[in-house]
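Chain residues, written in single-letter form:
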Amino acid sequence: MSAANNVNPPVVFTQDELGWVSWIDPLPEAELTARHFAGLVDRSRSKSEYFRLLVRDPEVLEARTKTDKDIFYNVADGLPRAERELAAAATSRYNGCIYCASVHARFASTYSKRRDDVQRLLDEGVGADLGDERWNAVVNASVALAATPIAFGPDNIDELRRAGLDDAEIVDVINGASFFNWANRLMLSLGEPSK
Amino acid sequence: MATKDIIDTLAGIEPGSSLDAIRARRLQARDNAQKSYLSLFEPIDAGDVSLVERAAVALFVIGLHREPTMAGFYRAKLAATANGARLVEAVDVEIARGETSGPYGAFPDGPLSVENEAGLIYRVSAERKPELGARLAAAFEHAHLLVFRPRDAAAADMKALLAAGWSNTGIVTFSQLVAFLSFQVRVVTGLRVLGASLGSANAAGAG
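Residues numbered from 1 in each chain as written. Chains lettered and ligands numbered in written order. Predicted model: local features only at pLDDT ≥ 70, side-chain atom pairs only at ≥ 80, totals over all residues.

## Focus on the overall build of chain A
- What chain A contains, in helices and strands, is 9 helices and 2 strands.
- If you list the helices and strands of chain A from N to C, you get β-α-α-α-α-α-α-α-α-α-β.
- Taking 2.2 N^0.38 as the reference for a compact globule, 195 residues should give roughly 16 Å; the C-alpha atoms of chain A span a radius of gyration of 17 Å, in line with that estimate.
- Principal-axis analysis of the C-alpha atoms places the extent of chain A at approximately 55 × 35 × 35 Å.
- Looking at the 195 residues of chain A, the share that counts as buried comes to 53%.
- Counting only contacts in chain A whose residues sit at least 6 apart along the sequence, the fraction spanning at least 24 positions is 63%. (Helix = DSSP H or I, 4+ residues; strand = E, 2+ residues; numbered from the N terminus. Rg over C-alpha atoms; globule rule 2.2 N^0.38 Å. Buried ≥ 20, exposed ≤ 12 C-beta atoms within 10 Å, placed from the backbone. Contact = placed C-beta atoms within 7 Å.)

Put into structure tokens, the structure is as follows:
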């Protein structure tokens, strides 16, 4: 087990940069092979405790990383990056992942220039009024998708359409919000954030 | 890819439909969601998590989401896996015992504590523990936590899995499995709802 003695866990949602400490043993850098580096996709990720833990199953990590990158970084068309990050942040706020929320709230602020609105989501929770129909619709859809059993239904589609999203943008909301139900569960259960 | 795209199949997306065209704009995501599925259910190395353990956990996780079409798919998968058919009934009984609504759980002590929400702490029934075995019993209890109250997760939960015979690598694969299924069931449900809103050209056999 990793020593967790030096962890200083955050107790509120924040846009500050946080660290993350694993509860079980990541692979040591010295033990990484070509198969592991293929799994890491970006060689620099070998410096991250989180990715050196996930690389214990390199094939799953590689496929997961490539899924993630296309859902969030492929902005040739579809939903603006800021709103994909908003979906990620809202999902993380609702599931309770302080680490994931910090990263993606920060990205949402960077791409939207609406830091105060993003902070309101973190401070007040997913019921906060973020000031426009489009952002509220993205948050509501993300929250409905994160519920178990899943609460996402025709009303969410109607709300997204009324806010001006087309079908391809709605698919980006579904992908981005759904992906964070994957990410949140890993970050929350394999280790913890530290200030 | 040899296997038909599993998300398209479960969401009822027909080739040539408008949702098929939209999905094609995120081809890397579509292909790698499929590769994630294949890496989890047809791994090159099943040494740390057996195929029957993967299939049993999958049925349990999807059953807890109360998505009948997908649960049917994973029930058939477990039944078709070596040594799996004997577990189907026990898993279905445990799903019924574990049903609740989430997410709930506790935040770190502090200002967020007002948002703490108590709920079911699921434990496998004593009668079915011998049938499932120590590893699967521990896995179901942890999977239930991941599905409904992920913010409750603590270092002690890792110790419980290690004590039940899970390796570090096995815990990573098993956690990825539960987390991936949490993604897959939402993409499928979301696309099915969107498809239904577009009419019969997209929504085939949604249930």
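Now that the structure is up, let's keep going.
## Concerning the interface of chain A and chain B
- Contact with chain A, which involves 50 residues of that partner, is made by 57 residues of chain B.
- Listing elements by their share of the side of chain A that touches chain B, those giving two or more residues are helix 2 (49-54), helix 3 (58-73), helix 4 (81-95), helix 7 (133-146), helix 8 (154-162) and helix 9 (167-190) of chain A.
- The element best represented in the side of chain A that touches chain B is helix 9 of chain A, accounting for 16 residues.
- Of the residues that constitute the side of chain A that touches chain B, the class distribution is 28 nonpolar, 12 polar and 10 charged. (Nonpolar A, V, L, I, M, F, W, Y, C, P; charged D, E, K, R; others polar.)

## Remarks on the domain arrangement of chain A
All names here are of chain A.
- Partitioning chain A into domains gives domain 1 (19-72) and domain 2 (80-190).
- Counting from both sides, the interface comprises 9 residues of domain 1 and, opposite them, 7 residues of domain 2.
- Its residues assigned to classes, the side of domain 1 that touches domain 2 comprises 6 nonpolar, 2 polar and 1 charged. (Domains from an automatic or database assignment.)

## Quick notes on unusual backbone geometry
- Residues Thr148 of chain A and Pro149 of chain A are joined by a peptide bond in cis, for which omega reads 0 degrees.
- By the element assignment, Pro149 of chain A lies in the loop between helix 7 and helix 8.
- Its identity is not glycine, yet Lys113 of chain A carries a phi of approximately 60 degrees, on the positive side.
- Mapped onto the fold, Lys113 of chain A is located in the loop between helix 5 (98-112) and helix 6 (115-124).
- Phi at Asn83 of chain B takes a positive value of approximately 65 degrees, unusual for a residue other than glycine.
- According to the C-beta neighbour criterion, Asn83 of chain B is partly exposed, with 13 such atoms within 10 Å.

## Digging into the nonpolar core
- One finds Val57, Leu59, Phe60, Val61 and Val178 of chain B to be the most contacted residues of the largest nonpolar core, which totals 118 residues.
- The element contributing the most residues to this core is helix 9 (residues 168-198) of chain B, with 15 residues.
- A domain split of this core shows at least three residues from each of domain 1 (19-72) and domain 2 (80-190) of chain A.
- Contacts of Val178 of chain B, omitting those with residues within four sequence positions, involve Arg185 of chain A together with Val57, Val61, Ala143, Leu146 and Val147 of chain B. (Core = buried A, V, L, I, M, F, W, Y, C linked by C-beta atoms within 7 Å.)

## Describing the packing of helix 4 (residues 51-64) of chain B against helix 5 (residues 68-80) of chain B
Residues and elements named next belong to chain B.
- The N-to-C vectors of helix 4 and helix 5 enclose an angle of 160 degrees; their axes lie 9 Å apart at closest approach. The orientation of helix 4 with respect to helix 5, classified from their angle, is roughly antiparallel. Helix 4 and helix 5 meet at a crossing whose hand is left-handed. Contact residues: helix 4 offers Ala55, Ala56, Ala58, Leu59, Ile62 and Gly63, while helix 5 offers Met70, Ala71, Tyr74, Arg75, Lys77 and Leu78. (Axes fitted to C-alpha atoms, helices over the stretch in contact; angles between N-to-C directions. Parallel < 35°, antiparallel > 145°, perpendicular 65-115°, else oblique. Left-handed = near helix turned anticlockwise from the far one by under 90°.)

## Considerations on helix 3 of chain A
- Taking 1.5 Å of rise per residue, 16 residues should cover 22 Å, and helix 3 of chain A covers 22 Å from first to last C-alpha, within 8% of that figure.
- Within helix 3 of chain A, burial applies to Pro58, Val60, Leu61, Glu62, Ala63, Arg64, Thr67, Asp68, Asp70, Ile71 and Phe72 of chain A.
- Taken together, the buried residues of helix 3 of chain A touch helix 1 (34-40), helix 2, helix 4 and helix 9 of chain A together with helix 3 (27-41) and helix 9 of chain B. (Expected span 1.5 Å × (residues − 1).)

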